[in-house]
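Report on the structure
Here is how the chains run, residue by residue.
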Protein chains: 6
Amino acid sequence: MLVDTDLSAYRIAAEPYYRPVGDEVAVFEAAWLHRLPVMLKGPTGCGKTRFVEYMAWRLHQPLITVAAHEDMTAADLAGRFLLTPEGTVWHDGPLTQAVRHGGICYLDEIVEARQDTTVVIHPLTDARRILPLEKRGELVSAHPDFQLVISYNPGYQSAVKDLKESTKQRFVAIDFDYPVPELEAEIVMREACVGPDLARTLVSIAACSRNLRGQGLDEGASTRMLIHAGRLAAGGVSLEAAVHAGIVLPITDDAEVREALGAAIAACLA
Amino acid sequence: MLVDTDLSAYRIAAEPYYRPVGDEVAVFEAAWLHRLPVMLKGPTGCGKTRFVEYMAWRLHQPLITVAAHEDMTAADLAGRFLLTPEGTVWHDGPLTQAVRHGGICYLDEIVEARQDTTVVIHPLTDARRILPLEKRGELVSAHPDFQLVISYNPGYQSAVKDLKESTKQRFVAIDFDYPVPELEAEIVMREACVGPDLARTLVSIAACSRNLRGQGLDEGASTRMLIHAGRLAAGGVSLEAAVHAGIVLPITDDAEVREALGAAIAACLA
Amino acid sequence: MLVDTDLSAYRIAAEPYYRPVGDEVAVFEAAWLHRLPVMLKGPTGCGKTRFVEYMAWRLHQPLITVAAHEDMTAADLAGRFLLTPEGTVWHDGPLTQAVRHGGICYLDEIVEARQDTTVVIHPLTDARRILPLEKRGELVSAHPDFQLVISYNPGYQSAVKDLKESTKQRFVAIDFDYPVPELEAEIVMREACVGPDLARTLVSIAACSRNLRGQGLDEGASTRMLIHAGRLAAGGVSLEAAVHAGIVLPITDDAEVREALGAAIAACLA
Amino acid sequence: MLVDTDLSAYRIAAEPYYRPVGDEVAVFEAAWLHRLPVMLKGPTGCGKTRFVEYMAWRLHQPLITVAAHEDMTAADLAGRFLLTPEGTVWHDGPLTQAVRHGGICYLDEIVEARQDTTVVIHPLTDARRILPLEKRGELVSAHPDFQLVISYNPGYQSAVKDLKESTKQRFVAIDFDYPVPELEAEIVMREACVGPDLARTLVSIAACSRNLRGQGLDEGASTRMLIHAGRLAAGGVSLEAAVHAGIVLPITDDAEVREALGAAIAACLA
Amino acid sequence: MLVDTDLSAYRIAAEPYYRPVGDEVAVFEAAWLHRLPVMLKGPTGCGKTRFVEYMAWRLHQPLITVAAHEDMTAADLAGRFLLTPEGTVWHDGPLTQAVRHGGICYLDEIVEARQDTTVVIHPLTDARRILPLEKRGELVSAHPDFQLVISYNPGYQSAVKDLKESTKQRFVAIDFDYPVPELEAEIVMREACVGPDLARTLVSIAACSRNLRGQGLDEGASTRMLIHAGRLAAGGVSLEAAVHAGIVLPITDDAEVREALGAAIAACLA
Amino acid sequence: MLVDTDLSAYRIAAEPYYRPVGDEVAVFEAAWLHRLPVMLKGPTGCGKTRFVEYMAWRLHQPLITVAAHEDMTAADLAGRFLLTPEGTVWHDGPLTQAVRHGGICYLDEIVEARQDTTVVIHPLTDARRILPLEKRGELVSAHPDFQLVISYNPGYQSAVKDLKESTKQRFVAIDFDYPVPELEAEIVMREACVGPDLARTLVSIAACSRNLRGQGLDEGASTRMLIHAGRLAAGGVSLEAAVHAGIVLPITDDAEVREALGAAIAACLA
């Protein structure tokens, strides 16, 4: 059975928990007014996905999310023919569903995709707002409520893998970073169901790890990791073991970096 | 359902807004007289796509646009067999549709395509004006109103990816660049619905960014980005935030370049 | 015939023999409480697979194991359409089976897989807990008893093949290493049906080989190899020949390393 | 509908305009007498394709042209099975059509093809004169009027892409170069419908560009480009603009080379 | 017609001629007792294949041999769906046949295979002894008489192509080398039907070639080559010509190495 | 329609013209007696293909020739399933036809093939003489009259592309080179229908070109090229033009090498 054309399965039922950190809501709403394409920039686990869920809820739009990867083809986005007893039947891909019926299509980590995927969005992101389905010989004009949102982690950008200028210049961009300490502690308290002291301790540990970024760590601990550690501690594991399993072990295998991180954490826990 | 053979879906209904900057209209019309293939050269977002839309409207021709990419195959242009209950049925690709029924076929960023795509256009771009559909065993003679147009961004050209000499020499070329300031301000006013002062400010910001080209920026801000920033400002975002989200953030992640660009912009806004 | 939807074929009938070495059972149970994704880290043959079998038995969950490799596709995990006389029929892959019906899905050596495989697990490993089956147009919400476990051998990690930060940070991690000597001897005795003296001798040989790690050996002898040698000896082969066939020959072809290892072993056997 | 087996669609109806420049017609006719395979060598746009059309007309043979490229497979030449309601039906490729029914098969830019394409012609180019259709289990003996012709641009030849010795030695070769000035002017007059003065001017411009070959230009302007510039001028564009659009812009994007070429052209036009 | 499920076509009818050179039969039988996986190591043509045929005969087991190569896929081992008038029908691959019905599955030169092939054998080579057929959704438990044997030529091992540690450590290993001179002469006499003097001469020539290993030769002459030369001589060719055609020409094209080898051989023949 | 199972289409009707140059006929016949696999070594166009045709005629065997290339798959040799209205039907490839029905299978330039092609012949080239058709689940025992012959040009051999030792050692080898002058002149006279003086002149030109091997030429002129030049001359082209078109132009594009070769040829023609 295929999804309903009202995309109701993709609507966000309840308000997602999101704490604004700047003017990101205003910029997104101004972009939405003109249906300008939006690019969310920032490190792993800092809340980009949660933000787009929040905006979809706020704007009463369904949200279709696609995690891009280097083996994804344009057909994975646009659709393909399937063979049935009645012959070949066209099947809209997730992007085409959003283009046809309206809603926000969120392409996560677009930079991982091959060019056929990024190029397919070009005619959707200028004045034409069309999606040519070449294999079907159809030109789909975008629904008035269609908007395209992509995420992009600048830390991954390399000579090999980067968006082309002709793609980048089609988007309005919003920068994300980790929340400020008080806000992050509030998020950890709420999501991991821990008390304010433990939350603050975890946030101070995150700060230590983020300072090691570039000195052995590719990225510091994300807010998500603090929540993991908080949940393990709430599940009965000692705080030391919870921090070890939720934060230290996942982000590094290097003995020296582990030691440096461990020492910094011990100071926080003391 | 396949597109109608009169390609009416591909006709440009209303005159596209286009402001000529030189003799490009005359050269294109002389090329059209002899149906010579045309190559549009120039940077991202300077109006090549809008120009070809304008010429298609002016010449009363349908316009079939294909965004080339490195995973596109010759079959994506020429067509393929589809399996139906009645057996395999041939399905013309976008290029074959234009060749058969007449009209302008616009291959955007042809240099991204693989050789099987560029070679397929050779017999269409010399005296033969034929398209051999090898898989179907058919020689399609081009409709008298068929013309091929390609775009080509010289800034992307590299040793790995460039058109072969035997391809380049088949085209008449037209150079494009950003419009002169007064003209660009007029375009921004019209497309972003902003006043003349704001438009001129945005154009002066674009000039700053274009001066940084080669000094950290791959390309300067396109006219499209100025329109984005104008629309965000018109949508209630402060001018600083609009310029930041519409121009600065999308084109660079480099802290130093952002600072240089920011300082130049601050001077424009002062 | 496809597997039953209760996944009974994947239930562990009898308690697997597993000897805990630290707080790994407690950490896993705390992670299970919140269904946090778990990453098992450690060298070849140190008991990661046995541990996850033990936990599946302890938690009364079916265990679906998939050995990842670089030619595995997302479809191998998620499922695909098969052609039958009634047309194309969807066939859930092993991951989808676990997501739909509950249970532990264990992806062994995930780092070997391509990105389309690792990215497919992202929406399963955050608050969404969904698996989008794009080809089928279905959003599968995870069963309350679904948990994802992956293994990861840090020794294999390289610039080319490593998990992305945005993947790593989704997991709680547990470190594994070879068991301490007394415990390892107990395991060898039980699994190879040999006496305590022989078991201890084999464990001392393992220690010698592990000391050569980095000095010609990529990894030392695993507990599994000790069991092999023990079984060969129990099968009537001399101890020297059993150690040679079960331990020395499989791990190195280098004449010098063989000699060094042989001398160390001779000392153990003396 | 497939092509008729008399290949009438591939016959050249009217005598192609071709001006011999040496003994190429005599050599080709002697090769045709023994049906020896022929290789046409020379730069882009110097008339190789026109020559083979002329010879096909002169010898009353159909001409089947295939533009080789690196994604072309042996099946594109030899044929393949297509699925129809009656099951799989064999479909002769263009090479097999010529082999079976007689005529000249012209493989343009053979050096671009992969080895499976070049190897497929080996048994056709020695005493055997057979084409094994392995997938069909058929040995096709060449029609007495079958001849194979290939083109080859030595300027493209590289270590990576070159014909194997065992392929080269199967062909008689004919060298091509640009026509001498008077002849080239005559061709430009006839094809672009321009007067003798303009034709001579364009030919002198071509000479300038050919002198820059190796000094910034990969190839000089071909005769085809002179015809393009002539047609643009005949279409009402100024001569300067016609030369710029038809010759200068297509062959170089380098500012210095453009300037050098522009100065040389200005001298010709003065 | 598919093979019978009793695999009778794979049974070895008559005792293969095999001369043991050490304790290899005892080690293999001890491994068979516990159905431990076995790896046969040694140079080209030294009798590994003959040994496994002998052991299969001795243990009354069918022998399914698969020559691994880098284009072999996991489906070539495990099986695949075939399309028939009744729809898709599963077809067991050679490995699955042995797993299901019992017998020795011999993967020759496993190191040539891609990782998906080597990983597929992991769950068959530990306590689980299962083969997951993911595409079929079936877990095949190994027949009590299933055993896996692989061969591995250490001389081919390179950084690019080597077994992973986690694969190697799953096998008991047996080393092979060329037989001692008297034994090798006996083998040559029997297999080439030549007298003892000629056999001894050929064996001495082999020794010369094996001494040149690493000094221009990748490997010395195998026992198989001696048999070839013996057979040519028995077929009426002079001994010099037989040795030249059967030994010298196949193993080297280097003029100097041929001369050195020729001089050594002349001394043997003198 | 598939080929008849008596392979009559592959029988050589008339005695091929072949002039022995050494003991190659005797060695081949001794190898045929024991059905030993044979490898023919030598440069391009020196008569390897003609020799195997002659031996097939002499031994009254059909000859199935396959030109190997790097895109050839094992299925191209062994066979594949084809889809027909009755479902999938197995279709023997050329190798399987020879294995099943007897005859010589000649794999031309085997070194060009991928490993899956070379490995498929291993069980056919030792005592087993079987061809496992894995996809069909069939073990084909070779017909008593099956023999495998391969060709191999040592000049092409490189680190990347060479036969594996374990493949080479399975073959008896025969070396080929250009015929001695009198013999070559006789061949040219007969095949090009020219007189003895012209033939001797062409042979002396070949000698010049072969001396330039390694000094700008990859290979010298083959006997085939002399025949081409002779035929062109017999077809009315001047001797200079015939030598130029048949010999000089095909083997080099280097101006200096052409000049050196031209001077040497002029001396021969004087």
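Residues numbered from 1 in each chain as written. Chains lettered and ligands numbered in written order. Predicted model: local features only at pLDDT ≥ 70, side-chain atom pairs only at ≥ 80, totals over all residues. Heavy atoms only, no water.

**Let's talk about the overall build of chain A**
Across its full length, chain A holds 11 helices and 9 strands. Projected onto its principal axes, the C-alpha coordinates of chain A cover approximately 65 × 40 × 40 Å. Expressed as a percentage of contacts within chain A between residues at least 6 apart in sequence, the contacts between residues at least 24 apart total 72%. Of the roughly 9,900 Å² of accessible surface on chain A, 53% is carried by carbon and sulfur atoms. Where the 25 positive side-chain charges of chain A centre and where its 36 negative ones centre are 5 Å apart. (Helix = DSSP H or I, 4+ residues; strand = E, 2+ residues; numbered from the N terminus. Contact = heavy atoms within 4.5 Å. Areas by Shrake-Rupley, 256 points an atom, 1.4 Å probe, with all protein chains shown as cover. Lys, Arg positive; Asp, Glu negative; His and termini not counted. Charge placed at Lys NZ, Arg CZ, Asp CG, Glu CD.)

**Brief notes about the interface of chain B and chain D**
Taken together, the 41 residues of chain B in the interface contact 49 residues of chain D. Together, the buried faces of chain B and chain D total about 3,700 Å²; carbon and sulfur atoms form 55% of this surface. When residues of chain B are sorted by the area they lose upon contact with chain D, B:Glu134, B:Glu165 and B:Gln169 head the list and together hold 18% of the total. There are 2 salt bridges connecting chain B and chain D. Summed over the shared surface of chain B and chain D, the result is 9 residue pairs in polar contact (both at pLDDT 80 or more). (Buried area = accessible area lost by both parts, 1.4 Å probe. Salt bridge = Lys/Arg side-chain N within 4 Å of Asp/Glu carboxyl O. Polar contact = N/O pair within 3.5 Å; in protein donor to acceptor, adjacent residues only side chain to side chain.)

**Looking at the relation of the copies chain B and chain D**
Take chain B, turn it by 60 degrees, move it 0.1 Å along the axis, and it overlays chain D with an RMSD of 0.0 Å. Accordingly, the operation relating the two chain copies is best matched by a six-fold axis. When the interface residues of chain B are mapped onto chain D, a mere 2% of them again lie at the interface, so each copy presents a different face. (Least-squares fit on C-alpha atoms with pLDDT ≥ 70 in both.)

**Quick look at the pattern of salt bridges**
Evaluation of the coordinates by the stated rule reveals 101 salt bridges over all chains. Linking B:Arg258 and A:Asp175 is a salt bridge whose minimum nitrogen-to-oxygen distance equals 3.1 Å. Of this pair, B:Arg258 sits in helix α11 (residues 255–269) while A:Asp175 sits in strand β9 (residues 172–175), each in a different chain. Since its relative accessible area comes to 39%, A:Asp175 is described here as partly exposed. The salt bridge involving A:Arg190 is made with A:Glu191; its shortest N-O contact spans 3.9 Å. When its relative accessible area of 49% is taken as the criterion, A:Arg190 is described as partly exposed. (Buried < 20%, exposed > 50% of the residue type's maximum accessible area, 1.4 Å probe, protein only.)

**Some words on the UniProt feature "domain: CbbQ/NirQ/NorQ C-terminal" (unreviewed entry) in chain A**
UniProt annotation of "domain: CbbQ/NirQ/NorQ C-terminal" (unreviewed entry) refers to residues 184–267 of chain A when read in the numbering used here. Span residues 184–267 of chain A is 75% helix and 0% strand, its end C-alpha atoms 20 Å apart. (UniProt positions renumbered as here; feature names shortened; annotations may be inferred.)

**Brief notes about the interface of chain E and chain C**
Each partner contributes to the interface: chain E provides 41 residues, whereas chain C provides 49 residues. When the buried area of chain E at its contact with chain C is split by residue, E:Glu134, E:Glu165 and E:Gln169 rank highest and sum to 18% of it. Here chain E and chain C share 2 salt bridges between them. The interface formed by chain E and chain C holds 8 residue pairs in polar contact (both at pLDDT 80 or more) in total.

**Points about the state of the cysteines**
Residues and elements named next belong to chain C. Throughout the structure, instances matching the rule amount to 0 disulfides over all chains. With no disulfide of its own, Cys-46 lies closest to Cys-208 among cysteine sulfurs, the gap being 20 Å. Looking at Cys-46, the relative accessible area reads 10%, which means it is buried. (Disulfide = S-S within 2.5 Å.)

**Thoughts on the sheet that holds strand β5 (residues 103–108) of chain D**
Taken together, 5 strands build an open sheet; the order of strands is β2-β5-β8-β1-β9 (chain D) and the sheet is parallel. The sheet is open, and its two borders are formed by β2 (63–67) and β9 (172–175) of chain D, each paired with just one other strand. Put simply, the sheet's adjacent strands are angled 20 degrees from each other on average, direction ignored. Taken together, the 5 bridges between β5(D) and strand β8 (residues 146–152) of chain D define a ladder with parallel strand orientation. Pairing of D:Cys105 across the sheet is with D:Leu148, part of β8(D). Its contacts with the sheet put helix α10 (residues 239–251) of chain F on β1 (38–41) and β9 of chain D, and the angle it makes with β9(D) is roughly 75 degrees. (Pairing = 2+ DSSP bridges. Axes fitted to C-alpha atoms, helices over the stretch in contact; angles between N-to-C directions.)

**Quick word on the domain arrangement of chain A**
All names here are of chain A. You can read the domains of chain A as domain 1 (7–175) and domain 2 (181–269). Relative placement of domain 1 and domain 2: their C-alpha centres are 32 Å apart. Taken residue by residue, the interface counts 10 residues in domain 1 and 10 residues in domain 2. A buried area of about 840 Å², summed over both sides, lies between domain 1 and domain 2, and 49% of it is on carbon and sulfur atoms. Considering only the surface of domain 1 that becomes buried against domain 2, Tyr-17, Arg-19 and Gly-45 emerge as the three largest contributors, covering 61% of it. One can count 2 salt bridges joining domain 1 with domain 2. Glu-191 serves as the salt-bridge partner of Arg-50, at 3.1 Å between the closest nitrogen and oxygen. At the boundary of domain 1 and domain 2, one finds 4 residue pairs in polar contact (both at pLDDT 80 or more). The class makeup of the residues in the side of domain 1 that touches domain 2 is 5 nonpolar, 3 polar and 2 charged. (Domains from an automatic or database assignment. Nonpolar A, V, L, I, M, F, W, Y, C, P; charged D, E, K, R; others polar.)

**Observations regarding the sheet that holds strand β1 (residues 38–41) of chain A**
The strands that make up a sheet pair up through hydrogen bonds in the backbone, lying either parallel or antiparallel. Residue and element names in this part refer to chain A. On the basis of which strands lie adjacent, the open sheet formed by 5 strands has the order β2-β5-β8-β1-β9 and parallel pairing. Each edge of the open sheet carries a strand with a single partner, namely β2 (63–67) and β9. Recorded for the sheet is a direction-independent mean angle of 20 degrees between the axes of neighbouring strands. Direction of pairing for β1 relative to β9: parallel, over a ladder of 4 bridges.

**Quick look at helix α1 (residues 24–33) of chain C**
One turn of an α-helix holds 3.6 residues; hence residues three or four places apart share an orientation. Residue and element names in this part refer to chain C. Of all 10 residues in α1, 7 are buried, a share of seventy percent or more. Within the sequence span of α1, burial applies to Glu-24, Val-25, Val-27, Phe-28, Ala-30, Ala-31 and Trp-32. Once α1 finishes, Arg-35 follows within two positions and takes phi at roughly 55 degrees, a positive value.

**Comments concerning the packing of helix α7 (residues 181–192) of chain C against helix α8 (residues 196–211) of chain C**
Residue and element names in this part refer to chain C. Here α7 crosses α8 at 125 degrees, and the two axes come no closer than 8 Å. In terms of axis orientation, α7 runs oblique to α8. When you trace α7 past α8, the crossing you get is right-handed. Mapping the contact onto sequence places Pro-181, Glu-184, Ala-185, Val-188 and Met-189 in α7 and Pro-196, Ala-199, Arg-200, Leu-202, Val-203 and Arg-210 in α8. (Parallel < 35°, antiparallel > 145°, perpendicular 65-115°, else oblique. Left-handed = near helix turned anticlockwise from the far one by under 90°.)

**Description of the environment of C:Gly103**
Residue and element names in this part refer to chain C. Note that Gly-103 resides in strand β5 (residues 103–108). Exposure remark for Gly-103: the relative accessible area of 1% places this residue in the buried category. A sequence separation of 92 residues divides Gly-103 from Arg-11, and the C-alpha atoms of the two residues are 9.1 Å apart. When sequence neighbours within four positions are dropped, the list of residues in contact with Gly-103 reads Gln-61, Pro-62, Ala-98, Asp-145, Phe-146 and Gln-147.

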